[in-house]
Amino acid sequence: MLRAELRLARGGFLLEATLEARAGEILVLIGESGCGKTTFLRLLAGLGSPDAGHVTLGGDVWCDTARGLDLPAHERSCGWVPQDLALFPHLSVADNVAFGLRSRRLDPAATTRRVRDILKDVGLAEFATRHPRELSGGQQQRVALARALVTEPGLLLLDEPLSALDVRSRAELRTQLTRLLGGRAGVTVHVTHDPGEALALGDRIAVMEAGRIVQVGTRDELLRTPRTRFIADFLGINLWRGRVGAPGADGLAHFVASGGEFTVRAPGFEGDAWALVHPGHVTLSLAASRGSARNQVTGTVAEITPEPPDGALLRVRLAADTPLVATLTRDSASALGLAAGTPVCASFKATEITLFQ
Amino acid sequence: MNGIHGARRSTRPGWLALTVVPALVLLLLPIAAVYLRLDVRTVLAKLAEPEIVDALKLSLITSILATVVVIVLGTPLAYLLATRRFRGRRWLEALVDLPMVLPPTVAGFALLMAFGRAGLAGGALGAFGVSLPFTTAAVIVAQAFMAAPFYVSAARAGFQGVDVRLLEAAASLGADERSRFVRVMVPLAAPALAAGATMTFARALGEFGATITFAGNLPGSTRTLPLAVYVALQSDLDAALVLSALLLAVSFALLLSLRGALSRPVWMGSDAPR
């Protein structure tokens, strides 16, 4: 169980956040950039000191300003995967991963064994002797993850671990993350600004706005009763409940929802699932398009509203068997002559559907 | 190489090339003057003379030991200056750099005042039967004193250049400060440390003024190469020529090694800036 209550004022910015998470839980902390997510994580890790507050994990007090206690980072059982990964450039992949075990003076045989096991787990067994710069972004990300996970920290902090990756490796790593973090005994706090990632990964989701945590809840609680405008906006996405079928030889699968059927990239599981499509990834046209998008939904425009903050984008709500939201620029909307009642075809690629259980 | 400056650079050798000619002449002429007077037979003959061999051996040994002393004493100082903010930091920085601008005879005199028989610490040393001035140990002290700033400033810059995020990652992996220093700081600053040590060795090898003032000019125990050149000037011009040619060549080779030949570790890759 993690309990944290932290307060830090820096210049005009005030961080004042309270967070609780249970052992074994993956808590996703979501918020726009600059809202204080990273600062909060650094305070949890002991990489900065709060003005006031406390952090406890299980029975261990890491920080309690009332008692003048603030453990340095190396005395906290806290794994940290920073946004830029911070892999040691002078060490091989295996030595990077072994770093934390060697700090804790684990005997060499056990160190070698655990490094080998976790590298196998993240699919990097054959890269053990490479140096970080010889790896792709996704591989580097997995090294950073393995390095933090191998010491089995009581608290694991992931700062936007997927944001630097391209769409394809992001999807792969997300599946892998779910598998790797699923069996953990400790608390995991995963920071992101991507709603899809939050909904896909979090047991519970904490929403941070301007240095405060404004709502914490399960996916369903947040979907049902968003408590602020930001949450509502961030949930302004296409989300359907359905079932994923068996993957085909082409790596694709079918997702069957109540209103229709979509082609998706096989997610590595079958059965009940959520499917999520960002409104920005939906293309609208007047007739069925001949592009590479595999998924098409026909319907009529139900509503057009300007998107905050400046209305440069329009949000188009589509009445169809599968209700859809798309965002597009004012220019493209007027080029299409969109108005309420216009019959349109919405399309999106298989790769732009995020699936999670 | 095609940055902002690339656009301004003329492709023809223009006026700039001409303006550097006087400087090049000034640098090259004395070197040429030494080497043009040499012939192989004198070189071989002189290098076999016992006084020259002694000076050569003494210079190598003292310069290596001075470099070791500077590394041992200077590394913690460089680390302190690179990682801590404290009152009097600027004073300490200026103090560390002081020997770089001090006339070497002044440094030698100050060392005498400190460690001489009547000096500040000399009395205490004398009580233990130790007398530093005019010994080989004094040569090492003088060389270390004069050459230390080169190592300390290079090491400090090297430590400061280590990405703080790597140190934070190491801390999150359970490494305390000592462990972070040994496992992250030193390996990543290694090229800078090596460069600083090379400069220190080169400076120690060339040290003259502080050595002759503090350690004297005793053949076999304190007469290093630069001192031997000075002595030879008055009696044996050939010996002076050979020794000067030797020091010139070694110094130039050391500086060259700092630029190109200092091999970079593999992990830096071929696209790292030079």
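Since the structure is predicted, the reported quantities are computational estimates derived from the model, not experimental observations. (Residues numbered from 1 in each chain as written. Chains lettered and ligands numbered in written order. Predicted model: local features only at pLDDT ≥ 70, side-chain atom pairs only at ≥ 80, totals over all residues.)

Regarding the overall build of chain A
Argument step 1. Scanning chain A from terminus to terminus reveals nine helices and 21 strands.
Argument step 2. For 357 residues, the compact-globule estimate of 2.2 N^0.38 gives 21 Å, and the C-alpha radius of gyration of chain A, at 22 Å, lies within 12% of that figure.
Argument step 3. Oriented by its inertia axes, the alpha-carbon framework of chain A measures out at about 65 × 50 × 35 Å.
Argument step 4. Buried positions account for 41% of the 357 residues belonging to chain A. (Helix = DSSP H or I, 4+ residues; strand = E, 2+ residues; numbered from the N terminus. Rg over C-alpha atoms; globule rule 2.2 N^0.38 Å. Buried ≥ 20, exposed ≤ 12 C-beta atoms within 10 Å, placed from the backbone.)

Concerning the sheet that holds strand E4 (residues 52–57) of chain A
Residues and elements named next belong to chain A.
Argument step 1. The sheet built from five strands is open, its strands ordered E2-E1-E4-E5-E6 with antiparallel pairing. For this open sheet the edge positions go to strand E2 (13–21) and strand E6 (69–70), each flanked by a neighbour on one side alone.
Argument step 2. Bridging between strand E1 (residues 2–10) and E2 involves nine bridges; their strand directions are antiparallel. What sits directly across from Leu-8, in E2, is Leu-15.
Argument step 3. Against the sheet, helix H1 (residues 37–45) touches E1, E2 and E4, its axis set at about 120° to E1. (Pairing = 2+ DSSP bridges. Contact = placed C-beta atoms within 7 Å. Axes fitted to C-alpha atoms, helices over the stretch in contact; angles between N-to-C directions.)

A look at the sheet that holds strand E9 (residues 187–192) of chain A
All names here are of chain A.
Argument step 1. The strand order E7-E8-E9-E3-E10-E11 describes an open sheet built from six strands, whose pairing is mixed. Edge positions in the open sheet fall to strand E7 (78–81) and strand E11 (212–218), since each of these has one partner strand only. Each adjacent strand pair in this sheet contributes to an overall mean axis angle of 15°, direction not counted.
Argument step 2. Where strand E10 (residues 204–209) lies against E11, six bridges are found, and the strand directions are antiparallel. Along E11, the bridge assignment pairs Val-207 with Gln-215.
Argument step 3. Here H1 sits on the sheet in contact with strand E3 (26–30), E7, strand E8 (155–159), E9 and E10, set at roughly 155° to E8.

Observations regarding the interface of chain B and chain A
Argument step 1. Taken together, the contact pairs 18 residues of chain B with 22 residues of chain A.
Argument step 2. With seven residues, the top contributor of residues to the side of chain B that touches chain A is helix H10 (residues 164–172) of chain B.
Argument step 3. The class makeup of the residues in the side of chain B that touches chain A is 11 nonpolar, four polar and three charged. (Nonpolar A, V, L, I, M, F, W, Y, C, P; charged D, E, K, R; others polar.)

Quick look at the domain arrangement of chain A
All names here are of chain A.
Argument step 1. Split into domains, chain A comes out as domain 1 (2–236) and domain 2 (239–356).
Argument step 2. Taking the mean C-alpha position of each, domain 1 and domain 2 sit 31 Å from one another.
Argument step 3. In this assembly, eight residues from domain 1 lie in contact with 12 residues from domain 2.
Argument step 4. Secondary structure elements with two or more residues in the side of domain 1 that touches domain 2: helix H5 (167–182) and helix H6 (195–201).
Argument step 5. Residues belonging to the side of domain 1 that touches domain 2 are distributed by class as follows: four nonpolar, three polar and one charged. (Domains from an automatic or database assignment.)

Considering the nonpolar core
Argument step 1. Counting 121 residues, the largest nonpolar core has Leu44(A), Val97(A), Leu157(A) and Ala142(B) as its most contacted members.
Argument step 2. Per-element tally for this core: the top contributor is helix H9 (residues 136–160) of chain B, with 16 residues.
Argument step 3. If near-sequence neighbours (up to four positions away) are discounted, Leu157(A) is found in contact with Leu41(A), Leu44(A), Ala45(A), Cys78(A), Gly79(A), Trp80(A), Val81(A) and Val189(A).
Argument step 4. If you look at the next biggest cluster of nonpolar residues, it comprises 25 residues, including Ala275(A), Val325(A), Ala333(A) and Phe348(A). (Core = buried A, V, L, I, M, F, W, Y, C linked by C-beta atoms within 7 Å.)

Re the environment of Leu167(B)
Residue and element names in this part refer to chain B.
Argument step 1. By the element assignment, Leu-167 lies in helix H10.
Argument step 2. For Leu-167, a count of 21 C-beta atoms within 10 Å gives the class buried.
Argument step 3. Expressed as a C-alpha distance, the spacing of Leu-167 and Glu-177, which sit 10 residues apart in the sequence, is 8.9 Å.
Argument step 4. Those residues in contact with Leu-167, other than ones at most four positions away along the chain, are Val-162, Arg-180 and Val-184.

Some details on the pairing of E7(A)
All names here are of chain A.
Argument step 1. Both faces of E7 are covered, namely the face carrying Cys-78 and Trp-80 and the face carrying Gly-79 and Val-81.
Argument step 2. In the sheet, E7 pairs with E8 via four bridges, with the strands oriented parallel. Bridge assignment links Gly-79 to a residue of E8, and that residue is Leu-156.

Overview of the pairing of E9(A)
Residue and element names in this part refer to chain A.
Argument step 1. In terms of burial, E9 is a largely internal element, six of the six residues being buried.
Argument step 2. The alternating pattern of E9 places Val-187, Val-189 and Val-191 on one face and Thr-188, His-190 and Thr-192 on the opposite face, and all of these are buried.
Argument step 3. Where E3 and E9 come together, five bridges link them in parallel fashion. Paired with Leu-29 across the bridge in E9 is Val-191.
Argument step 4. Summarising the sheet, E8 and E9 pair through five bridges and their orientation is parallel. Its bridge partner being in E9, Leu-158 is matched across the sheet by His-190.
Argument step 5. Remark: the E8/H5/E9 crossover connection has right-handed handedness. (Right-handed = clockwise from strand over helix to strand, strands pointing away.)

Section: the environment of Leu241(B)
Residue and element names in this part refer to chain B.
Argument step 1. Relative to the elements of secondary structure, Leu-241 occurs in helix H14 (residues 237–261).
Argument step 2. Using a count of 22 C-beta atoms within 10 Å as the deciding quantity, one classes Leu-241 as buried.
Argument step 3. On a C-alpha basis, the gap between Leu-241 and Leu-44 in space is 12 Å, while along the polypeptide they are 197 residues apart.
Argument step 4. What Leu-241 contacts, discounting residues up to four positions off in sequence, is Val-34, Arg-37 and Leu-38.

Re unusual backbone geometry
Residues and elements named next belong to chain A.
Argument step 1. Positive phi is not limited to glycine here, since Glu-152 has a value of about 50°.
Argument step 2. Tracing the backbone through its elements, the reader meets Glu-152 in the loop between helix H4 (137–149) and E8.
Argument step 3. With a phi angle near 50°, Glu-160 is a residue other than glycine that sits in the positive phi range.

Remarks on the confidence of the model for chain A
Argument step 1. Looking at chain A as a whole, the pLDDT averages 87, with 95% of positions reaching at least 70.
Argument step 2. When mean pLDDT is compared element by element in chain A, helix H2 (residues 93–103) of chain A scores highest at 95, while helix H8 (residues 229–234) of chain A scores lowest at 64. (pLDDT = per-residue confidence, 0-100.)

Quick notes on helix H13 (residues 225–235) of chain B
Argument step 1. Along H13(B), the positions that sit buried rather than exposed are Leu225(B), Leu227(B), Ala228(B) and Ala232(B). The buried residues of H13(B) occupy an angular sector of 150° when projected down its axis, which confines them to one face. (Arc of directions from axis to C-beta.)

Here we look at the environment of Ala21(A)
Residue and element names in this part refer to chain A.
Argument step 1. Topologically, Ala-21 is positioned in strand E2.
Argument step 2. Among the residues examined, Ala-21 registers 23 C-beta atoms within 10 Å and is labelled buried.
Argument step 3. Setting aside residues no more than four positions away along its own chain, Ala-21 makes contact with Leu-2, Leu-27, Val-187 and Val-189.

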